[in-house]
Amino acid sequence: MAEPIKIAYLYEDLMNTYGDSGDVKILRYLLKERGDATTVTNVSLGDDFDANDYDFLFFGGGQDFEQTVVAKDLQRHRETIKDYIEAGKPMLCICGGYQFLGTYYKMSDGTVIQCLNILPLHTIFKADARMIGDTKFVTQFGPAQAFENHSGRTYFDDKEKLKPFGTMIEGYGNNPEDHTEGMRYKNVIGSYSHGPLLKNLNIANGIADQIVKNHQARLASEKNAAVTA
Amino acid sequence: MSIRDKFAITVGKSAHWFLHTFRNGGSSFPGKLADRLAPNALAALGKDYDTIIITGTNGKTLTTALTVKALRQKYPDILSNPTGSNMFQGILTVFMAHRHHGSEKGLAVLEVDEANVAHVAAQLHPKMFVMTNIFRDQMDRYGEIYTTYDKILAGVKLAPEATIVANGDAPIFNSKDLPNPKVYYGFNLPSEGDTRADVNTDGVLCPVCDHILHYHFNTYANLGDYFCPHCGFHRPDLKYTVNAVNTLLPTKSQFDLDGHPATINIGGMYNIYNTLAAYTVAREFGVAGDTIVDALAGDETVFGRQEVITVDGKQVTIILVKNPVGLNQVLTMIKNDPQPYSLAVLLNSNYADGIDTSWIWDGKFEDLDYAAMPAVIAGGHRHKDIALRLKVAGVADDHLQVADNVTDAIPLIKAIPNDRIYVLATYTAMLALRKALADQNYVTQKLVNK
């Protein structure tokens, strides 16, 4: 019996606002078509978490209040998420989950929320200029269509290290100035795309490939560890 | 009433009469006109009425209809607004069209859009606010649930004497300290121990200490007998309760309503909440429990946002869907249908539907058994989105029929191999379907309740 692919859904019960659970549903559907079973674990407030136990991390967006609560609890997992990302393992972060990878976000009332400080990016909220509507952009996996609904404007602080996930054709993406959508670093994708993003099956299949590869690598290393022990 | 108000109301009434007589219906135009001429016209018209404002994400329309039905047992002169007229100018139009009888004050029972509560309350000084629930809803228009609640509270703060009748099972209605007298209603079911809401539910954080709420029982979404295991925050005392649900079919619900056996000819747990809300209002206005239950039951079918049209011998039940919680309630309701049925989902993305269709992914389409359905149809402007959603939920590729738009879905609906179909449709898809069927001379048994 093949071991199922393990997905960690970070704060699924709090960061689930804009239909992004669809990303996980679509990945599970594609993986099932390929013959792989999956499990999804909700990692919530106070839960223990070792990112390297999983084959894929998903982090969606939430409402402002929920995000301020998650921001505090999340700090406990900084090191394990950083290790996971640096090891080149796949992760998809949407909207609030994307913002959390950076150094901080500043809310419209001036409140600064400390984020994970794993990647060099930051976000500034402008409540009176929400970016909302259909989007079109081009990614490494090909063209994509989505929906954006955010007042946070995300900026890269190190444009050598971080690459845009997409180039905008229609809509805003990260901010009104850069004409880029989201961020790519190793196998981590950050994105403002709802819709959900992975209804673009070209992207979903690309990520599914990475997940399968990482799953096989994890099983192989666990096997090796068992043999040497 | 000032001369200016009188003039504005006369002009508005004339416009209403003209539109009503020579065009089809009154719309909100007369209200718009009167509002432009005299910004306090609603206050002038409203002084002859005690006003009840009914608001919340889901259930406004049916709660308002049932409340009117219950209150009629004691109050003959009731003004109410039809669905679709729940914003300020529509309400003003309704007041201009209504003739107040007698010297005593009349009752105005109004469904009010969440964002219009403050504007309406400022002029009508309501006696009561009824709050059904607040769920995520067309987030491109309404924003997050806390923002929506703040909009409602902006109106409540203008009437600190008004009684708040609120769903006690909704944690958000217990999150702010308000000076108003409060009456809570809710479910009083046997404890299921210590449970949590489904992971894909919003509004589950304790408003006091930010920990995740637990439940002794959870009726649906984030509603139920909640408590915080961390700080002890818990559901308030309930004055009126549903104590048991005995039958839950798509066309019939039987339950214990505050000690009375009650039957309504409509399905869905959410409609039991709506009935309980109406019961609560009527009791607070002095109508006897037995009288209310009799008035609400009747033999007549009560339609919420659903209607039945017979098309070439096939029973087509059209149900409006607009947000994930409402959608999940509809899916739960049709899952309980013991008879075979086909399913069509029609998804548009015009402004009135919500331009963001991602909420369909928060609906639990996975709960239905598609292999058992004679036909499954996906249609509307966004047929690609809903088709993928249904496939991911378990509809086999060769079992799914796709129509590019609502009109093209009609031949597929007529061709189902059985005789019953549920059509879940977003707002403009529902209107388009209804119009296309009317153009083909198919008659609705009954439109949305009035």
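Everything numeric here is computed off the predicted structure, so don't read it as measured data. (Residues numbered from 1 in each chain as written. Chains lettered and ligands numbered in written order. Predicted model: local features only at pLDDT ≥ 70, side-chain atom pairs only at ≥ 80, totals over all residues. Heavy atoms only, no water.)

Visitor: Got a minute to help me understand the side chain of serine 193 of chain A in this structure?
Guide: All names here are of chain A. One can find serine 193 in the loop between strand S14 (188-191) and helix H5 (201-228). Of note is the side chain of serine 193, whose polar atom sits 2.8 Å from the side chain of glutamate 181. Excluding residues that lie within four positions of it along the chain, serine 193 makes contacts with Asp20, Ile94, Phe137, Ala146, Phe147 and Glu181. (Helix = DSSP H or I, 4+ residues; strand = E, 2+ residues; numbered from the N terminus. Polar contact = N/O pair within 3.5 Å; in protein donor to acceptor, adjacent residues only side chain to side chain. Contact = heavy atoms within 4.5 Å.)

Visitor: What's the story with the pattern of salt bridges in this structure? I'm lost.
Guide: Any two side chains of opposite charge can pair, on the condition that their charged atoms come close. Residues and elements named next belong to chain A. One pass over the full model with this rule turns up 25 salt bridges over all chains. Residue arginine 76 is joined to aspartate 73 by a salt bridge in which the shortest nitrogen-to-oxygen separation is 3.1 Å. What emerges from the salt-bridge pattern is a single network uniting Asp55, Arg218 and Glu222. (Salt bridge = Lys/Arg side-chain N within 4 Å of Asp/Glu carboxyl O.)

Visitor: Can you walk me through the interface of chain A and chain B in this structure?
Guide: Frequently, the measure chosen for interface size is the accessible area that the parts lose on association. Taken together, the 31 residues of chain A in the interface contact 32 residues of chain B. Connecting chain A to chain B are two salt bridges. In this structure, arginine 196 of chain B and aspartate 13 of chain A form a salt bridge, with 3.0 Å as the shortest nitrogen-oxygen distance. Elements represented by at least two residues in the side of chain A that touches chain B include exactly helix H1 (21-33), helix H2 (64-74), strand S8 (131-139) and strand S9 (142-150) of chain A.

Visitor: How should helix H10 (residues 324-335) of chain B be read in this particular structure?
Guide: Each turn of an α-helix holds 3.6 residues, which means side chains three or four residues apart point in the same direction. All names here are of chain B. When the terminal C-alpha atoms of H10 are compared, their 16 Å separation across twelve residues agrees well with the 16 Å that a helix rising 1.5 Å per residue should span. Burial of H10 is extensive: ten of the twelve residues sit out of reach of the surface. Within the sequence span of H10, burial applies to Pro324, Val325, Gly326, Leu327, Asn328, Gln329, Val330, Leu331, Met333 and Ile334. Residues of H10 that are buried sit in contact with strand S7 (214-220), helix H8 (269-284), strand S12 (306-311), strand S13 (314-320), strand S14 (342-346) and strand S17 (420-425). (Expected span 1.5 Å × (residues − 1). Buried < 20%, exposed > 50% of the residue type's maximum accessible area, 1.4 Å probe, protein only.)

Visitor: Before we go on, may I ask you to explain the sheet that holds strand S2 (residues 38-43) of chain A in this structure?
Guide: Each strand in a sheet pairs with its neighbour through backbone hydrogen bonds, running either in the same direction (parallel) or in the opposite one (antiparallel). Residues and elements named next belong to chain A. What the six strands build is an open sheet, ordered S2-S1-S3-S4-S14-S13; its pairing is mixed. The sheet is open, and its two borders are formed by S2 and strand S13 (183-185), each paired with just one other strand. Put simply, the sheet's adjacent strands are angled 15° from each other on average, direction ignored. Taken together, the four bridges between strand S1 (residues 5-10) and strand S3 (residues 56-59) define a ladder with parallel strand orientation. Its bridge partner lying in S3, isoleucine 7 is registered against phenylalanine 56. Each of S1, S2, S3 and strand S4 (91-94) is contacted by H1, which is oriented at about 160° to S2, the strand it contacts most. Where helix H3 (residues 78-86) meets the sheet, it contacts S1, S3, S4, S13 and S14, and its direction lies at approximately 120° from that of S4. (Pairing = 2+ DSSP bridges. Axes fitted to C-alpha atoms, helices over the stretch in contact; angles between N-to-C directions.)

Visitor: It is not clear to me how the domain arrangement of chain B should be interpreted in this structure. Could you clarify?
Guide: Residue and element names in this part refer to chain B. Assigned domains of chain B: these are domain 1 (3-188 + 238-296) and domain 2 (305-439). Here the C-alpha centre of domain 2 lies 29 Å away from the C-alpha centre of domain 1. Contact residues are listed per partner, giving 18 residues for domain 1 and 20 residues for domain 2. The junction of domain 1 with domain 2 conceals about 1600 Å² of combined surface from both sides, 51% of it contributed by carbon and sulfur atoms. Notably, a salt bridge pairs aspartate 362 with arginine 136, separated by 3.0 Å at the nearest N-O pair. Across the contact surface, domain 1 and domain 2 share five residue pairs in polar contact (both at pLDDT 80 or more). Those elements that place two or more of their residues in the side of domain 1 that touches domain 2 are strand S9 (240-249) and H8. (Domains from an automatic or database assignment. Buried area = accessible area lost by both parts, 1.4 Å probe.)

Visitor: Hey, could you run me through the pairing of S2 of chain A in this one?
Guide: Successive side chains on a regular strand alternate, one facing one side of the sheet and the next facing the other. Two strands pair when backbone bridges link them, and S1 of chain A and S2 of chain A are joined in this way by six bridges, in the parallel orientation. Within S2 of chain A, the residue paired with tyrosine 9 of chain A across the bridge is asparagine 42 of chain A.

Visitor: Can you walk me through the UniProt feature "binding site: Zn(2+)" (unreviewed entry) in chain B in this structure?
Guide: All names here are of chain B. The residues that UniProt annotates with the feature "binding site: Zn(2+)" (unreviewed entry) are Cys206, Cys209, Cys228 and Cys231. Spanning 26 residues, the named residues form one tight spatial group whose C-alpha atoms are at most 8.7 Å apart. Mapped onto the fold, cysteine 209 is located in the loop between strand S6 (182-187) and S7. Note on cysteine 209: relative accessible area 19%, which makes it buried. The topology assignment puts cysteine 231 in the loop between strand S8 (223-227) and S9. On the accessibility criterion, cysteine 231 (38% relative accessible area) is partly exposed. (UniProt positions renumbered as here; feature names shortened; annotations may be inferred.)

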